[in-house]
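# Inside the fold
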There are 2 protein chains.
Amino acid sequence: MERLYELSEIADKLLINEKDIPSDIVDEIRSITESGGFIGMAQINPIVGNLEYNAKKIARYIKYATSIKLDILVFPELALMGYPIEDTIARHPIIVEENIKWLNSLAKITGDTTVLVGFVEPRGKYAEGKLYYNSVAILRRGKIEGVVRKSLLPTYSEFNDYRYVEPSPVVGVQPADTIGNFDAYSVEDYPKLYDGKYAISICEDCWNNKEFFDKNLYYKDPIEELQSEVPLIHINCSASPTRVKKEQLKHNMLSFISSHYKTPFVYVNQVGAVDNISFDGSSRVFDRNGKLLARAKSFEEQLLIVNPLKSIGKIYPLTKGLEKSLTEQKVFTLEYESDLERTYKTILQGIRDYFKKCGLKRAVLGLSGGLDSTVCAVLLADSLGKENVFGISMPSHITSDESKSDARQLAENLGINFTEATIRPMIDTTTECLNDLFKTVENSWEGRYKASFTPDNIQARSRAMFLWGISNEFSSCIPIATSDKSELYMGYATINGDMSGGFAPIADVPKTKLFAFARWLNENREEKNAIPEAIILKRPGAELAIDPKTGKPLIAEDALMPYEFLDEIIWRIENKNESYNDFLNIEFVYEKHNSVSKEQKIEWLDKFYRRMSTALYKWSILPPSVIVEARSINKSDYRQPITSGRINYKAVSSDEIKEIIKRA
Amino acid sequence: MERLYELSEIADKLLINEKDIPSDIVDEIRSITESGGFIGMAQINPIVGNLEYNAKKIARYIKYATSIKLDILVFPELALMGYPIEDTIARHPIIVEENIKWLNSLAKITGDTTVLVGFVEPRGKYAEGKLYYNSVAILRRGKIEGVVRKSLLPTYSEFNDYRYVEPSPVVGVQPADTIGNFDAYSVEDYPKLYDGKYAISICEDCWNNKEFFDKNLYYKDPIEELQSEVPLIHINCSASPTRVKKEQLKHNMLSFISSHYKTPFVYVNQVGAVDNISFDGSSRVFDRNGKLLARAKSFEEQLLIVNPLKSIGKIYPLTKGLEKSLTEQKVFTLEYESDLERTYKTILQGIRDYFKKCGLKRAVLGLSGGLDSTVCAVLLADSLGKENVFGISMPSHITSDESKSDARQLAENLGINFTEATIRPMIDTTTECLNDLFKTVENSWEGRYKASFTPDNIQARSRAMFLWGISNEFSSCIPIATSDKSELYMGYATINGDMSGGFAPIADVPKTKLFAFARWLNENREEKNAIPEAIILKRPGAELAIDPKTGKPLIAEDALMPYEFLDEIIWRIENKNESYNDFLNIEFVYEKHNSVSKEQKIEWLDKFYRRMSTALYKWSILPPSVIVEARSINKSDYRQPITSGRINYKAVSSDEIKEIIKRA
């Protein structure tokens, strides 16, 4: 079957580029696939809500799949609408009406190849429950033959399904004439359609096996219920985002299910980024023994052709790290190696898709000679093309010569556009204006700080003024916010300064990982060592203020706490849901190698929670970014009321509580 | 009963201010209430997540209610935790553990008065479904006697209940020993507790009557189910936000239910703002005939004492507009009068609570002499106190003398702090720096705009630089973003400029309503006519650019479209979910009084959707604001992927679709 996959690679490229596939290739592929039982796994990258774009793409795949006589062609969850469409369909129901029209037209071009296309199904204006189902239509021979509806609605982290769709009361295929009028009361009125071959489910429907998971999010298990149909093959239409370590879980779970039910499992996943959320593709097939039989590429559109019953498939490699992470444990570690290729590809896709889908082309960013802007520059050059990136070194009186030359060297190495533009006139003018203004305000208001962050922020905001100016002046260009996750957690970023921008590529990458990432980039990109060693070696600091103790620019770790310690707090909160009192009793990785007094630890923990409480506001105005880690502060993923920021995360003893209540 | 309410007003003030209530007042109230059947409706304003703050408040009410021998004391939904706590409890489960400790301590201080306190109930680590229930504990005689769990989980608009809690499988009271271990499988194991008197439900549980609503969001109706217990009184613990026209709906619905079941209905609502969401209180009682028997104050904490079976209650007035809106129809109208007092009180509470709960005190804003900043200044003065507001007029070369004097006059009228600070040096320096920079960039990049918004934005950003500078330099102070809803819809606001700030008071008020609001403020505030007439009369414009046609500052309506037309589009999308093709066939209010050609209408509609598509990014970084209208673009309420911005909101004909699919 080598030949099948060789030819498919050619066909894929043409499909993606909207070119015709030469008839000799089609003929040769068909000579293999017309024997029956071949499944096309169409891992596509839709634009949410853009029905014309998505339908045209789907139509091209349908025409091709039909021409090579595939048995069935499977698209991801909500393929026609794109996932997640979010509240858009509640406010603009026209889009749902239109998606039915497009679906009907797609049905008309189908032939003998069965096609599974996800769409948003209206439920009738007065039906009880939400207005819509998340459905998959079964298209064949010019018409819609049946429909499957999603039962389990993920509503946590980046998922909000229950905001806009109703869970299906049943599993399996219902007749096409139930579309638009199916609810819990009509379940009994219709016979289930089932051809004895494929059991079809949608995404979360396969994530609730009671034996595999210790903790289940739902009572029902649709796969278990479908098993009563004794299907030959399970098919799942998915839109499942990538997260660190999720690959391991997904692999183990799908393998478990297929072997548990002694039934091959075909899992077709969406690819591409939707704002902050990244879908990695990597669609796959497990055989009836739970063995991986096929896997599509990661982070690329592909039509992978498989035949599970004849054990025909091809396993494309996952990104390097994902393979390794299959065996890793869930502990905090500074060994990031196993996740760096995935991180790289996730962010690259995130940038590329955001720009493409928003009609943008170019990015401008400040190059400070520090780690954050450096890594951002590399990622932008690799995703947008070096000619579309402009790096600007904007030194102030505090900026060292090393920073300037490091920035210049980096830009040269990357081949991006570069210039140096001093912000000193901006600082001078702003400082002068503000000093006058402060004197006036001081006449009316007390509480002027003796040592404020105003001078620091003037620098950061002057730089943002330059970047936004370029964005306003040149078409299709946005400035980049270079803040990293560790510093955002601490609110160590300037509003309208370095944290402002059209996109924030590394907002979900912790600082200790960024160091490893920088080294990885130097070793793994085609051009080796693009990042000057000096940038990786220097201790991070914003170069906005002088440390009175050293007379040199303030080092961030001195203002905050050691990054290793900080990143472990973050990791433990996000991954283990631990809190202040737990931390006191846990030995941090940092503590294994450094002597930390109890007082010092308490000081850092107190500082962490104090700073985080005021960072919540900054999180709420953070530009779109790429969710990379298992959990994040991205507002698509996590929302905490700002007014709850100053709450107590420490345990209070019952005696103390009793006393407080008594005195109240 | 006049005396009861007279004394209660005194007691309320003392309770709110954490003062002891003199024993003679307690004795006199008790002489009335000890006869039995009296219910205390404790409409409190919690800080979400702040268990100590909330528990102390609850404890004070419990002690007082017990001392006057009330039969039952009812707190709002999730009173101990505050609603909505959002994702906080998923990430920081320590807060849930702690809320159980506080609840147990509260139980210990109870006596013969039954107390209903909302709390977050853990479900056991391995229970199927979400980790928590949204529950109400029944406290009495030193212990927890029972528990009620919420069945219907609102998950739309500002509600996200299903993100963090599991729906209860049953209605009614379960035994206290089910706390922490109750799930669908254990329902049968426990007898329902019921004393034949009160049927208790939580918020959304009472919003699903099948006869009242044409469209029901859920299959179950908990109130109908509870009715099988033949209760003497229904009690509902709520946290229901205010929205325009919602008062009318709520009034009609509660009246319908109480008369439908011939059972009095006691509805206790939270008061206060949580970030963007405003709870109005206005707790109330309807008698068995659906007649309003009692209603607590709007936008104030209160303990309203009632006796539904003896028809004892007091009806406090709603805000003026709310009364009127009870009879109004759902059509677009420029007659905003009926909603202006509610709008005023909602925003005042929103500002006050955001500042208080975040530990802030003072606000600084730019006063342009235009309507937006003017209305903001009035609202800030009234909510924070005039001494805590600093208005700064920041003229540029485009600013007219009238604008400057109007701003000064306004500040004088309000008595707020005021100064004038020119931004001309900032503009000169920035422009010079940027011009040099642009020349450099132009050497590498094509696509420099011939006429860009750069000069406009430099002005807006220079002003923001001043305001954020003051915020950095003076304690407890944030700058105010003055953008209004109409302009935000059109992206007519500068990033890092006028749309940046710590809070955005009028981000959900459309421009045509702002005009009416300004007049209302002039007529209804104690100090009449604080807003100079000239500010209301002038046509809005940002005064950032000169219109080449007139040689005068550009008028916003010329750059956009008439505000009356714009606001009707917005209203129709949000309230009627109408779209482009509908609009073509609808006669707008503006068209009734102005001749609008079809071409003109199409031009405005196209501009609307084009501008809205690029405004989505700006919506995502908008500071916290106050949701005022029935629907909004506030990200607590509405989320649309930015990458879906450029989709087609127009209907495409089936023939056209067919042709596109064919050619794909």
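What counts and how
- Residues numbered from 1 in each chain as written.
- Chains lettered and ligands numbered in written order.
- Predicted model: local features only at pLDDT ≥ 70, side-chain atom pairs only at ≥ 80, totals over all residues.
- Heavy atoms only, no water.
- Axes fitted to C-alpha atoms, helices over the stretch in contact; angles between N-to-C directions.
- Helix = DSSP H or I, 4+ residues; strand = E, 2+ residues; numbered from the N terminus.
- Parallel < 35°, antiparallel > 145°, perpendicular 65-115°, else oblique.
- Left-handed = near helix turned anticlockwise from the far one by under 90°.
- Contact = heavy atoms within 4.5 Å.
- Nonpolar A, V, L, I, M, F, W, Y, C, P; charged D, E, K, R; others polar.
- Pairing = 2+ DSSP bridges.
- Least-squares fit on C-alpha atoms with pLDDT ≥ 70 in both.
- Buried area = accessible area lost by both parts, 1.4 Å probe.
- Salt bridge = Lys/Arg side-chain N within 4 Å of Asp/Glu carboxyl O.
- Buried < 20%, exposed > 50% of the residue type's maximum accessible area, 1.4 Å probe, protein only.

Residues and elements named next belong to chain A. One way to put it is that helix α10 (residues 340-358) packs onto helix α11 (residues 371-384) with a least axis distance of 9 Å and a crossing angle of 60°. The orientation of α10 with respect to α11, classified from their angle, is oblique. The way α10 lies across α11 gives a crossing that is right-handed. On the side of α10, the interface is formed by Tyr344, Ile347, Leu348, Ile351, Arg352 and Phe355, while α11 contributes Leu379, Leu380, Asp382, Ser383 and Leu384. Grouping the constituent residues of the contact of α10 with α11 by class yields eight nonpolar, one polar and two charged.

This next bit is on the sheet that holds strand β1 (residues 39-43) of chain B. Strand pairing in a sheet is mediated by backbone hydrogen bonds. Such pairs are either parallel or antiparallel. Residues and elements named next belong to chain B. Spatial ordering of the open sheet is given by β8-β5-β4-β3-β2-β1-β16, a layout of seven strands whose pairing is mixed. Two strands in the sheet have a free side with no partner beyond their single neighbour: β8 (174-175) and β16 (302-306). Pairing of β1 with β16, which is carried by five bridges, proceeds in the antiparallel orientation. The residue bridging glutamine 43 from the neighbouring strand is glutamine 302, located in β16.

Note on the copies: chain A fits chain B at an RMSD of 0.0 Å, the axial shift is 0.0 Å, and the rotation between them is 180°. Accordingly, the operation relating the two chain copies is best matched by a two-fold axis. For chain A, the minimum C-alpha distance to the rotation axis belongs to isoleucine 621 of chain A and amounts to 2.1 Å.

Attention now moves to the interface of chain A and chain B. Taken together, the 150 residues of chain A in the interface contact 150 residues of chain B. For the pair chain A and chain B, the summed buried surface comes to about 12,700 Å²; carbon and sulfur atoms form 61% of the total. Three residues stand out in chain A for area buried against chain B, namely Arg91, Tyr219 and Trp445 of chain A, and they jointly supply 8% of the buried area on that side. Among the salt bridges present, the one from lysine 210 of chain B reaches glutamate 128 of chain A, with a minimum N-O distance of 2.9 Å. Take the side of chain A that touches chain B: its biggest share by element is 13 residues, from helix α14 (residues 454-473) of chain A. Here the side of chain A that touches chain B is composed, by residue class, of 71 nonpolar, 40 polar and 39 charged.

Moving on, we come to unusual backbone geometry. The omega torsion across tyrosine 83 of chain A and proline 84 of chain A is -5°, close enough to zero to call that bond cis. Turning to its location among the elements, proline 84 of chain A is positioned in the loop between β2 (72-74) and α4 (88-91). Within the chain, lysine 262 of chain A stands out as a residue other than glycine whose phi angle is a positive 50°. By secondary structure assignment, the location of lysine 262 of chain A is in the loop between α8 (246-260) and β11 (265-269). Here lysine 262 of chain A falls in the partly exposed class, since its relative accessible area comes to 44%. Of note in the backbone geometry, serine 476 of chain B takes a positive phi value of approximately 55° without being a glycine.

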